[in-house]
2 protein chains.
Amino acid sequence: MLSINKIKYIKSLHDKKNRQEFNTFIIEGKKIIEDTLNSNYVVKNVYVTDEILDNFNIKTNIEQISEQEMKKISALKNSTNILAVVEIPPKKEPKITEKELVLCLESIQDPGNFGTIIRTANWFGIKNILCSLDTVELYNQKVLQATMGAFTGVNVYYIDLEQYIKQYKEKYNNNIYGTFLEGENIYKKNLNNKGILIMGNEGKGISEKLEKLVTEKLLIPKNDKAIAESLNVSIATAVVISEILGEG
Amino acid sequence: MLSINKIKYIKSLHDKKNRQEFNTFIIEGKKIIEDTLNSNYVVKNVYVTDEILDNFNIKTNIEQISEQEMKKISALKNSTNILAVVEIPPKKEPKITEKELVLCLESIQDPGNFGTIIRTANWFGIKNILCSLDTVELYNQKVLQATMGAFTGVNVYYIDLEQYIKQYKEKYNNNIYGTFLEGENIYKKNLNNKGILIMGNEGKGISEKLEKLVTEKLLIPKNDKAIAESLNVSIATAVVISEILGEG
């Protein structure tokens with residue numbers, strides 16, 4: 001049985017400020033917890049309701065709780081039958097090579113978009129994602145669930161993007177890609193699979209200060225009769241990554 | 001001022017069964033309402049709070065209401081300052097030519113995914129989207145908002161997909177595309193920009209009965225180390241459409 005204090009503590013992790021204070025976050029659902037157990041993340045506790053205990057394949061730190069308790073600690077509308085408490089790893093400096101495509105996200109605000117972008121980046125083999133300091137928090141439940149476990153397969157860093165990209169450009173001669181309404185048709189450009197791809201905020205796109213650092217302005221051309229002013233940012237990210245990395 | 005009955009009526013349109021009974025739906029936000037006014041949809045009423053009246057460019061059927069009233073009739077967490085009541089057009093038979101790419105959606109359940117797919121399809125110039133009868137309803141608020149107005153630029157039909165695709169195949173010699181885990185690398189295939197593209201349910205993919213009708217099984221290849229078992233369906237749809245239509 002969970003103590004009242006334990007329930008309070010786990011519930012408190014639904015909020016960003018408590019996650020940051022305790023350096024801890026929660027994840028829910030079997031697949032994502034298995035992915036996390038198989039990664040470098042340190043899983044502190046796993047809570048299960050009786051239903052799932054039989055066919056779940058880990059033995060350490062596992063505690064059986066009632067469905068009622070699970071409902072209390074879950075952050076989901078429909079709680080699953082498994083929840084884990086996981087350590088937030090210590091912050092590190094990005095380790096990036098000249099030979100990879102690095103994704104830079106500027107001020108992405110929607111958790112579903114961010115999670116979907118992580119899932120897509122990981123699918124195409126991107127290892128490092130650099131986020132501006134005001135990008136939505138990685139350990140937000142909605143972000144993590146939208147990654148479908150893929151957050152365990154990429155390194156996500158929150159940094160001063162402008163400073164970082166300036167240093168990158170001094171060091172390497174690679175392209176800095178970004179999407180712009182006045183960019184060049186992505187399907188007619190020869191795209192190198194090394195460098196940096198910047199994707200901007202849902203409403204505002206890429207800021208002026210980062211735009212200055214872009215060497216290749218890209219456009220996913222729009223049909224004459226298209227109604228929306230832009231593509232969803234997770235869709236645009238996928239289309240650009242597919243063009244840059246998809247061919248092999 | 002809105003009568004209590006009017007408020008009740010508009011609020012009732014938050015629910016699918018009432019939308020279907022009254023053949024009416026609501027939309028919220030300036031851009032999406034302007035797109036709808038510029039389309040074939042029949043806008044019955046527009047409600048605005050005083051703030052927006054000055055710089056909004058339509059004059060018919062517009063009624064000023066208080067912010068409090070707007071909060072009552074809005075389906076959004078944070079209501080905007082404009083809401084419109086729109087007629088659901090009468091059902092029609094799909095009109096499809098041999099020369100276009102038609103998108104078929106089987107059992108898409110998530111409103112955000114469906115709306116994003118419509119936005120993307122419209123961006124790339126797809127005109128007709130055929131949905132299985134159990135696909136999420138087009139006039140769901142979350143679907144409409146995710147389209148960013150693009151629902152006014154495509155025809156969405158709910159039909160028996162199996163029957164329709166069978167008839168299509170008897171009539172035309174075009175490819176029927178679908179994505180499958182055992183499909184062929186999409187980047188190594190020559191893709192024709194005419195035919196049907198089937199995208200399946202978020203969890204289950206394409207059903208067996210539709211799989212039988214597919215002539216070209218496609219795969220968006222996954223990096224060796226990727227964690228998630230699949231791409232999000234709106235992402236996969238965008239990548240495939242980009243490959244089929246993007247080059248021109």
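On a predicted model such as this, the values are computed, not experimentally measured, just so you know.

Scoring rules and cut-offs
Throughout, residues of each chain are indexed from 1 in the direction in which the sequence is written. Note on labels: chains are lettered from A, ligands numbered from 1, in written order. At least 70 in pLDDT is required for a residue's local features to be given in this predicted model, at least 80 for side-chain atom pairs to be given and counted, and no such filter applies to totals for whole chains, interfaces and linings, which use all residues. Only hydrogens and water are set aside; all other atoms, that is, all heavy atoms of the structure, feed into the side-chain values. Working rule for contacts: check all heavy atoms of both residues, and any pair within 4.5 Å makes them a contact. In this description, buried area is defined as the sum, over both parts, of the accessible area (probe of 1.4 Å) that is lost when the two are combined. The rule for a salt bridge is simple: a side-chain nitrogen of Lys or Arg has to be within 4 Å of a carboxyl oxygen of Asp or Glu. The term polar contact refers here to a pair of N or O atoms within 3.5 Å; inside protein, the definition further demands a hydrogen-donor-capable atom paired with an acceptor-capable atom, and it admits residues adjacent in sequence only when both atoms are side-chain atoms. Only DSSP runs of H or I with at least four residues qualify as helices, and only runs of E with at least two residues qualify as strands; both kinds are numbered from the N terminus onward. Domain borders in the structure are assigned automatically or taken from a domain database. When DSSP finds at least two bridges between two strands, those strands are taken to pair. All axes here are fitted lines through C-alpha atoms, helices being fitted over the stretch that makes contact, and every angle between N-to-C directions spans 0 to 180 degrees.

A. Region of the structure containing the interface of chain B and chain A. Contacts between the two partners involve 36 residues from chain B, matched on the other side by 36 residues from chain A. Both faces combined, the contact of chain B with chain A buries some 3,200 Å², and carbon together with sulfur accounts for 61% of it. It is B:Trp123, B:Tyr187 and B:Ile227 that lose the most area in chain B upon contact with chain A, and together they represent 26% of the buried surface on that side. Our count for the contact surface shared by chain B and chain A stands at 0 salt bridges. Counting across the chain B and chain A interface gives 16 residue pairs in polar contact (both at pLDDT 80 or more). Those elements giving two or more residues to the side of chain B that touches chain A turn out to be helix H3 (30-37), helix H6 (111-123) and helix H10 (233-245) of chain B. For the side of chain B that touches chain A, the element with the most residues is H10(B), which contributes 6 residues.

B. Region of the structure containing the domain arrangement of chain A. Residue and element names in this part refer to chain A. Domain annotation of chain A identifies domain 1 (4-87) and domain 2 (101-245). Relative to domain 2, the C-alpha centre of domain 1 lies at a distance of 31 Å. If you look at the interface, domain 1 gives 14 residues, while domain 2 gives 11 residues. When domain 1 packs against domain 2, the two sides together hide about 1,100 Å² of surface, and 57% of this comes from carbon and sulfur. A per-residue breakdown of the area domain 1 buries against domain 2 is headed by Arg19, Ile32 and Tyr41, which together make up 41% of the total. If you look at where domain 1 meets domain 2, you find 1 salt bridge.

C. Region of interest: the sheet that holds strand S4 (residues 82-87) of chain B. All names here are of chain B. Spatially, 4 strands are ordered S1-S4-S2-S3 in an open sheet, and the strand pairing comes out mixed. Unpaired on one side and paired on the other, strand S1 (24-28) and strand S3 (62-65) mark the two borders of the sheet. Each neighbouring strand pair of the sheet contributes to a mean axis angle of 20°, computed without reference to strand direction. Two elements, S1 and S4, share 5 bridges in a ladder whose sense is antiparallel. Looking across to S4, one finds that Ile27 is bridged to Ala84. Along the sheet, helix H1 (residues 4-12) contacts S1, strand S2 (43-49) and S4; its crossing angle with S2, the most-contacted strand, is approximately 110°.

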